[in-house]
Structures are given as structure tokens and as C-alpha cells.
Amino acid sequence: DGGITQSPKYLFRKEGQNVTLSCEQNLNHDAMYWYRQDPGQGLRLIYYSQIVNDFQKGDIAEGYSVSREKKESFPLTVTSAQKNPTAFYLCASSTLPRAELFFGSGTQLSVL
Amino acid sequence: QKEVEQNSGPLSVPEGAIASLNCTYSDRGSQSFFWYRQYSGKSPELIMSIYSNGDKEDGRFTAQLNKASQYVSLLIRDSQPSDSATYLCAVNRGEDTGRRALTFGSGTRLQVQP
């Protein structure tokens, strides 16, 4: 089955720790995205990538980092510089030029 | 002014009624518009996309776009309790710059009463 796989489903971060969220897609989509959702809020763009080895900052990139070494994979690292990381993180992908996003099932990140 | 604005609700309608959800956007250069449905604790799923002025129908759903007034709406006919969810409006910004990333509204929570 084609789709977007995010792991883990739940993740806990200790203070000062970096954590990495995984996102893999087998839809052969060119573009991949990371969004953050806080309770009762809409989605805010963290980073996105339209081609391998290239990515752009979104609206709230501070405290996060990404890589795009393979077309299928777009991992997100939440660094210790992100002081309020508790949120629901959503990975998405799309074909280009249309940006109809298809989402993974999400990762809920909490701070211990 | 937020880039994409929605009434947070909740919008409560009786089963079988028409639910009307509205969204306004600020970037006049936007060309692509989307409606997503999100159940609590789940990821958003695409319901409708619309690219030109007018109406687009798909089953019980109709999306309406008015670029001159910068609003997009979603009508749900014969509303069912299973339609109870948060509906997110999303707009593709930067069409003329090649930057393709959706900006989302904060969502409208719909409650369909049996």
C-alpha cells in the first residue's frame, strides 16, 4: 500500500535532549513537509523540501532541523533549542506543481 | 490579520441539515484552495480542492470559491453525525514564486446532532 509512515506514534523528550521524528513515503512524491499542531490550533509549517538535498524554512523553523538525502525520507530533529516542543507533528507529501498534501498519522511529542 | 481565517465554532447543525463552513484569506495571489477534515487525535484528510471561481461538487460536499471577495466555503448536505470533526481551510501561497506550501486556518469544529 502506498502511503506516508511516521514513527514513533508517541515520543517523550527529556530536557536538553535532541529527538528525531521519522517520515517515509512510497508515493513517489517530490515534495515533503513538516507541520506542527498545538491543541485547538491549525497547522504551522516548520520546513519543507521540493527536491532531494534542498529544503526551505517555514514559519516556525527555529529549534528544528531537517535533511532530505533520499526522495522517500524527510526526518525532523527537534533540538534542545526548541523550548516548547510539546505538540502533534505531522509529515506530509505532495506532487508538484499542485500542493495537495497527504498526511502521515502524526507523532505526539511530549516533554518529561 | 491572519493569512487564513475561520470561525472556530463549534457549528452545531441537526442531522440531515446543510452545514456551511466559511474561510477568508489575505493573499490575493493565492490560486489553490483546499478543505481538510480532521477527527480528534487523527491527521487531516483531504476532502476537496478548488482552483477556479464558482462551485465544485463531490457527493455531499460542495466547495465554493470567490477570488474577488477572497473567500472559500464548504457546504455539507445531508449532514451525518459522522461528519462531526474539525474542518481546516488551506491556501497555497507563493504561486508566483514557486514556493508551494499550504497555509492553514485554525479550523471550524462541526457538531452534527442526531
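Residues numbered from 1 in each chain as written. Chains lettered and ligands numbered in written order. Predicted model: local features only at pLDDT ≥ 70, side-chain atom pairs only at ≥ 80, totals over all residues. Heavy atoms only, no water.

Engineer: Got a minute to help me understand the pairing of strand 3 (residues 19-25) of chain A in this structure?
Structural biologist: The side chains of a regular strand alternate between both faces of the sheet. All names here are of chain A. Here strand 3 shows one buried face, formed by Val 19, Leu 21, Cys 23 and Gln 25, and one open face, formed by Thr 20, Ser 22 and Glu 24. Summarising the sheet, strand 3 and strand 8 (residues 76-78) pair through 3 bridges and their orientation is antiparallel. Looking at the pairing, Val 19 lines up with Val 78 of strand 8. (Buried < 20%, exposed > 50% of the residue type's maximum accessible area, 1.4 Å probe, protein only. Helix = DSSP H or I, 4+ residues; strand = E, 2+ residues; numbered from the N terminus. Pairing = 2+ DSSP bridges.)

Engineer: So what exactly am I meant to see when it comes to the state of the cysteines here?
Structural biologist: What we call a disulfide is simply a covalent bond connecting the sulfur atoms of a pair of cysteines. All told, the structure shown has 2 disulfides over all chains when counted by the stated rule. Put simply, Cys 23 of chain A and Cys 91 of chain A are joined by a disulfide, and their sulfur atoms are 1.9 Å apart. Between Cys 23 of chain A and Cys 91 of chain A, the disulfide has an S-S torsion of -75° and is therefore left-handed. Of this pair, Cys 23 of chain A sits in strand 3 while Cys 91 of chain A sits in strand 9 (residues 87-94), and the two are 68 residues apart along the sequence. Here Cys 23 of chain A falls in the buried class, since its relative accessible area comes to 0%. What pairs with Cys 23 of chain B in a disulfide is Cys 89 of chain B, and their sulfur atoms sit 2.1 Å apart. Here the disulfide of Cys 23 of chain B and Cys 89 of chain B is left-handed, its torsion about the S-S bond being about -70°. Of this pair, Cys 23 of chain B sits in strand 3 (residues 19-25) while Cys 89 of chain B sits in strand 9 (residues 85-93), placing them 66 residues apart in sequence. Relative accessible area serves as the criterion here: at 0%, Cys 89 of chain B is assigned to the buried category. (Disulfide = S-S within 2.5 Å.)

Engineer: How do you make sense of the environment of Gly 16 of chain B when you look at a structure like this?
Structural biologist: Residues and elements named next belong to chain B. Inspection of the secondary structure puts Gly 16 in the loop between strand 2 (11-14) and strand 3. Gly 16 sits 54 residues away from Gln 70 along the chain, and the two C-alpha atoms are 29 Å apart. Those residues within four positions of Gly 16 in sequence are excluded, and the remaining contacts are Asp 78 and Ser 79. (Contact = heavy atoms within 4.5 Å.)

Engineer: Help me understand the packing of aromatic side chains, please; the structure alone is not making it clear to me.
Structural biologist: Given two aromatic rings, one states the distance between the centres and the angle between the planes to describe the pair. In total, this model carries 10 aromatic pairs over all chains according to the counting rule given. Ring centres of Tyr 33 of chain A and Tyr 48 of chain A lie 6.0 Å apart, and the angle between their planes is 15°; on these two criteria the pair is classed as stacked. Of this pair, Tyr 33 of chain A sits in strand 4 (residues 31-37) while Tyr 48 of chain A sits in strand 5 (residues 43-51), placing them 15 residues apart in sequence. In this structure Tyr 48 of chain A comes out as buried when scored by relative accessible area, which is 3%. Taking the centre distance of 5.3 Å and the plane angle of 85° together, the rings of Tyr 35 of chain A and Phe 104 of chain B count as edge-to-face. Linking Tyr 35 of chain A in strand 4 with Phe 104 of chain B in strand 10 (residues 101-104), this pair reaches from one chain into another. Tyr 35 of chain A gets classed as buried once you look at its relative accessible area, which sits at 1%. Here the aromatic cluster, defined as three or more aromatic residues joined through ring pairs, consists of Tyr 35 and Phe 103 of chain A together with Tyr 36 and Phe 104 of chain B. The ring of Phe 61 of chain B carries the charged tip of Arg 60 of chain B above its face, separated from the ring centre by 5.5 Å. (Phe/Tyr/Trp six-rings, centres within 6.5 Å; stacked < 30°, edge-to-face > 60°. Lys NZ or Arg CZ within 6 Å of the ring centre and 35° of its normal.)

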